[in-house]
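Residue strings, one per chain:
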Amino acid sequence: MLLGLQAGVHNLPFIPVFGFLDSDYLRIRPDLKILKDPYTGIEYVVVPPIMPDWAVIHATRGDRNGGITTLSTRNDRLLAMASRKTIAVVEELVEPDQVLPGLHEVYVASVHIDAVVLAPGGAHPTGCPGRYDIDAAHMAAYVTAAKDESSFQKYLETYILAPRDHKDYLEKVGFKTNGK
Amino acid sequence: MENKNIHPSERMIGAIARLLKNGERVATGTLSPIPAAGCFLAKYTHAPELELLIYGDPENRLSEGFHELFGLAQQGKIDVFFLSGIQIDQRGSVNLSVLGDYRKPSLRLPGGAGSSMLYAMSGRTILFTNNHNRKLFVPKTDFVNATGFDETGITPWRRGGLSHVVTPLCVMAFDLSRKQIILDYVFPGITVAQVVENTGFDLAVEGREIPTIDPLSETDLATLRGPVQAKMRQAYPLFARTIWGAETASE
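Below or above, wherever it landed, is the structure these notes cover. (Residues numbered from 1 in each chain as written. Chains lettered and ligands numbered in written order. Predicted model: local features only at pLDDT ≥ 70, side-chain atom pairs only at ≥ 80, totals over all residues. Heavy atoms only, no water.)

**Here's the deal with the packing of aromatic side chains**
Right, on to step 1. Evaluated as defined, the whole model comprises 17 aromatic pairs over all chains.
Right, on to step 2. Both rings, one in tyrosine 142 of chain A and one in tyrosine 155 of chain A, keep their centres 5.1 Å apart while their planes meet at 70°; by these two values the pair is edge-to-face. Taken together, the positions of tyrosine 142 of chain A in helix α4 (residues 136-145) and tyrosine 155 of chain A in helix α5 (residues 149-161) put the pair 13 residues apart, joining distant regions of the chain.
Right, on to step 3. A relative accessible area of 33% places tyrosine 142 of chain A in the partly exposed class.
Right, on to step 4. Aromatic ring contacts, followed pair by pair, group Phe20 and Tyr25 of chain A together with Tyr102 and Phe143 of chain B into a single cluster.
Right, on to step 5. Seen from the ring of tyrosine 102 of chain B, arginine 108 of chain B lies directly overhead, with NZ or CZ sitting 4.9 Å from the centre. (Phe/Tyr/Trp six-rings, centres within 6.5 Å; stacked < 30°, edge-to-face > 60°. Helix = DSSP H or I, 4+ residues; strand = E, 2+ residues; numbered from the N terminus. Buried < 20%, exposed > 50% of the residue type's maximum accessible area, 1.4 Å probe, protein only. Lys NZ or Arg CZ within 6 Å of the ring centre and 35° of its normal.)

**Some points on the side chain of threonine 141 of chain B**
Residue and element names in this part refer to chain B.
Right, on to step 1. Note on placement: threonine 141 falls in the loop between β9 (137-138) and β10 (161-166).
Right, on to step 2. Judged by its relative accessible area of 6%, threonine 141 falls in the buried class.
Right, on to step 3. Ignoring anything within four residues of it in the chain, the contact list for threonine 141 reads Gln87, Ile88, Asp89, Ser93, Val94 and Asn95. (Contact = heavy atoms within 4.5 Å.)

**Re the interface of chain B and chain A**
Right, on to step 1. At the interface, 30 residues of chain B touch 25 residues of chain A.
Right, on to step 2. For the pair chain B and chain A, the summed buried area comes to about 2,300 Å², and 58% of that belongs to carbon and sulfur atoms.
Right, on to step 3. On the chain B side of the interface with chain A, the three residues burying the most area are Glu64, His67 and Trp157 of chain B, jointly 26% of the side's total.
Right, on to step 4. Glutamate 64 of chain B serves as the salt-bridge partner of arginine 77 of chain A, at 2.8 Å between the closest nitrogen and oxygen.
Right, on to step 5. In this structure, the connection of chain B to chain A is made through 10 residue pairs in polar contact (both at pLDDT 80 or more).
Right, on to step 6. Taken together, the elements giving at least two residues each to the side of chain B that touches chain A come down to α3 (65-74) and α4 (115-121) of chain B.
Right, on to step 7. Sorting elements by how many residues they give to the side of chain B that touches chain A places α3 of chain B first, with five residues.
Right, on to step 8. Residue classes in the side of chain B that touches chain A are distributed as 15 nonpolar, 10 polar and five charged. (Buried area = accessible area lost by both parts, 1.4 Å probe. Salt bridge = Lys/Arg side-chain N within 4 Å of Asp/Glu carboxyl O. Polar contact = N/O pair within 3.5 Å; in protein donor to acceptor, adjacent residues only side chain to side chain. Nonpolar A, V, L, I, M, F, W, Y, C, P; charged D, E, K, R; others polar.)

The values are spatial; any link to function lies outside them.
The following block contains the structure:
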């Protein structure tokens, strides 16, 4: 599906992909089609472009113009470039000349970003490598809570609806960074 | 060794290490701690020039994202990749999507991600599993995300496919002439009958001598519990804790 995003980035009508031809995806995905390569005559599966209306990505730092740095292990730049609108939630707000990718980070130009939201700890309960780890205990509590409707409602009430704001949420979950 | 009790995953790590050759470029995907450890073990023992692209390893620096790895695979630049599945069949097809009917499954999983392409475009693929039973090794998977070889000849662009399957009991190999998975060797303390009993398809053991091999030598074990463990504590901390306990206890 990353190639679908790649097609989205370039506004292509479809893109050929390797794989899928001998899989059961063709039984369940009517949007996957088979097309003959006009150069070689070999058949490939083609997929439509993926162009999300909105993408929300978690980034490490950003400036007021929308330039950001984000983790290189993820596909966030591709997602931001393929989407019509992108919101970047950032750990820190910095001056434009300080939006410099560090180790395991990439730069995404402001032209791809429509809003920057400052929310330190905003990836919780997942982690932000180098800054804070996954909150395994909270994740486990969520998984347990998600098993039935009433416990899920209670989770929603406690952690999502009750906190006044993001800071209040972080206090409630006992958020800790890696001493940064 | 103060602790000679070998965890089944450690034996699997040893088996995977032995399947890797010096100089190869090897990649692992998400949720693949056993392959990652196998790669590190190979590199620290017989294959120092192994080039590793271990997802989650802080020392692994790709430029950006999974699409980069996918591009490398499509160009034929990944020699070995690893996959697993909730079902694996005799032909080496893997199911990562659903158990039962696709529309009304008894279990739905995150899905195949890039498996269909990676299984076809990596030089060879090693499957690994955390269990070995008839629910996993089935005659035919409920859903085919990715195939082990070009059975029908419709994918002439295919580069590679299944080479081996490593489980807590044994190592199985893909036999191209039989077009099926066959038993290669069993781990110490495991019988051929036990493997046959826990596999839902024929492993072509009839008339073949199946050896018992311990893929983990004394030196391998020391390296595994030493430098490999240290690497794994960074890349897969939860897995490392499960296998080797809390950090302070083992260092």
